[in-house]
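What follows is the residue order along each chain.
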Amino acid sequence: MHRALKLFGVSMLALSTLNVAVPVGAVEPLQVMLPGRYTQMMARHSDTPFIVGFWSLDCPPCYRELAFWGEQRREGARMHLVLISTDTAGDAEEIGALLKHYGLQDVETWVFGAPAQQLRFEADRHWQGELPRTYLIDKGRVVDAVSGVIDAAQLRQWQEKMGSEMNSAAAK
Amino acid sequence: MDVTKACAGLLLTISVACGAVAAEHDHAAMAPSADSPCQDSTQPASLRCGLTPSSVFDSRGRLWLVWVQGGHVYLNRSDDRGRTFSAPVAVNRTPEKIAAHGENRPKIALGPEGQLYVSWTQTLEKRFTGHIRFARSLDGGRSFDAPLTVNDDHAEIGHRFESLVVDDAGRIFLAWLDKRDQAAAQRSGKPYRGAALYYAWSDDAGRSFKANRKLRDSSCECCRIVSAVDPDGNPAFLWRHVFGDNIRDHALVTFAGPEQPGETVRVTFDEWQVDACPHHGPALAIDAQGIYHMAWYNNAAQRHGLFYAFSRDAGRTLSEPMSFGNYAAAAGHPSVLARDGRVYLLWQEFDGAATHLKLMQSSEGGRQWSPARDVAHADGEVDYPFLVADAMRVYAAWQTHADGYRLIPLDEAAHASRP
């Protein structure tokens, strides 16, 4: 309770200064996902292939996927990753600790800050909330939506495709 | 950016954590509204500020509810179909952390002599762990005996998502998702998919429970289990299972007697192969003719959305599953109820701004259905909808931020004319 209240205080203070980032002691601040933000985030990354990974603290397979992302990054995989937790800002501390544990503290991270149904709908009206849920995105368009822990082969295929696209674009 | 709106949106979500002192919060949890006094944790318990109500009518038409606030399960009652409510009574006197979200909420069932039985999942310190708790009232809800922990394995592992049902002989059954086999497999380095379905029963009105018994290995880990009583008076449980290589379809178990569970049968074949948590359990009703009515959600590439089917032989064969609801409007969280030859399907859809409750009815045992119609809608956060019935009518029970707990009469005309 005290933890929740404290975090509540922190996030409200942050909001009141128009900066919605909640400090979690990680390199990348945890940003609060509000209606409209997902669309803005998509637009901001529209010039590059990237991956959006939705996950939550109460989803056992999500921990395996976070471990997988951590592994990929340690191995130097070329990928731009955005992680979105469907928990609440009250979970900021636990989210921050977990991302750090998996070596993902420098990934762009968000946490739901409005009714989950509304935020899910903005991202994908055909997604009912199963987790983890991963979107492989290129030029602002979803190329593939994956429910469940993504496997290395799926990711490699995507990376190869994006790599060849980028190479051919660079050759032009 | 509209700061007012942004703050309100955030407040709504955060109040889940702040309003419910020790309740486990969740993205699907209900929370008191931002402009209500519910955020003040010193507020007295009230249904308006409570989380995740479950409700049931008794034979006298009184509606009993249980819900969570501040580390307690509370009970209260309405004698006028949801217009007014009695003062809440704490079911557990000592506060504890209680699961209160869409898939896992306190349950209430009635004994044959007015006993009130309440169950819930106590969440422990570690993620994904819990105990199955049970308490009874033998004085019409004025007080409750001290809660029991029903799982006889007291390790700090998962015993969660219980389902509570009373058979026709008054015996109490609890089934839940149990991770003792998963933990044992981990200790010996063996693979184990999902959790296991365990059950226990009581023949002394909940004073004690028999030894825990496993029904099946490899259930899904985070979806609700649902239950009903068949015409022979025995319980049946329906849950999301993990078949083969991570296929998350549904399984059903019926009983010939309290110690005689049958073989579990697979009842859905959507082949949703996914290493994910759907957080989306099924619905079950059994009518007086013994026909099982089932509704569920799956999101396989070829077969996705909500489905309904009935079975005349306790799940061994099913009617061709009927797709229902608008998949593009996130149709989900179905409830099914069968009575007097009618079957009701209730679920929710989201149009980008508001959640709509949708209803379909069948007067032909599930073979033909009316078109879907809107029975209610609400902005903001909403809880799952549930069908409940008294002697005369069927209702949608629905808790929303905007309106609190509502009991919405459905199909009033059809039943009002009955003798």
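Just above sits the structure.
For clarity, every value in this text was computed on a predicted model and none was experimentally measured.

So, the sheet that holds strand β2 (residues 50-55) of chain A
Residues and elements named next belong to chain A.
Logical step 1: One open sheet holds the six strands; their spatial order is β1-β4-β3-β2-β5-β6, and the pairing between them is mixed. For this open sheet the edge positions go to β1 (30-33) and β6 (141-147), each flanked by a neighbour on one side alone. Averaged over all pairs of adjacent strands, the angle between strand axes in this sheet comes to 25°, irrespective of strand direction.
Logical step 2: Here five bridges tie β2 to strand β3 (residues 81-85), and the two strands are oriented parallel to one another. By the bridge assignment for β3, Ile-51 is matched with Leu-81.
Logical step 3: Against the sheet, helix α4 (residues 92-101) makes contact with β1, β2, β3 and β4 (108-112), and its axis sits at roughly 130° relative to β2, the strand it touches most.

Description of the packing of aromatic side chains
One pair of aromatic rings is described through two measures. These are the centre distance and the angle between the planes.
Logical step 1: The final tally for this structure, using the stated rule, is 23 aromatic pairs over all chains.
Logical step 2: Consider the rings of Trp296(B) and Phe307(B), whose centres lie 5.9 Å apart with planes at 25°: the pair is stacked. Of this pair, Trp296(B) sits in strand β21 (residues 292-299) while Phe307(B) sits in strand β22 (residues 304-311), and the two are 11 residues apart along the sequence.
Logical step 3: The class of Trp296(B) is buried, set by a relative accessible area of 1%.
Logical step 4: The exposure class of Phe307(B) is buried, given its relative accessible area of 4%.
Logical step 5: Feature note: the residues Tyr38(A), Phe54(A), Phe112(A), Trp127(A) and Tyr135(A) constitute an aromatic cluster, connected by ring pairs.
Logical step 6: In this arrangement the basic side chain of Arg120(A) is found over the ring face of Trp127(A), its NZ or CZ atom lying 6.0 Å from the centre.
Logical step 7: We note Arg180(B) situated over the ring of Tyr198(B); from NZ or CZ to the ring centre the distance is 4.3 Å.

So, how was this worked out
Residues numbered from 1 in each chain as written. Chains lettered and ligands numbered in written order. Predicted model: local features only at pLDDT ≥ 70, side-chain atom pairs only at ≥ 80, totals over all residues. Heavy atoms only, no water. Pairing = 2+ DSSP bridges. Helix = DSSP H or I, 4+ residues; strand = E, 2+ residues; numbered from the N terminus. Axes fitted to C-alpha atoms, helices over the stretch in contact; angles between N-to-C directions. Contact = heavy atoms within 4.5 Å. Phe/Tyr/Trp six-rings, centres within 6.5 Å; stacked < 30°, edge-to-face > 60°. Buried < 20%, exposed > 50% of the residue type's maximum accessible area, 1.4 Å probe, protein only. Lys NZ or Arg CZ within 6 Å of the ring centre and 35° of its normal.

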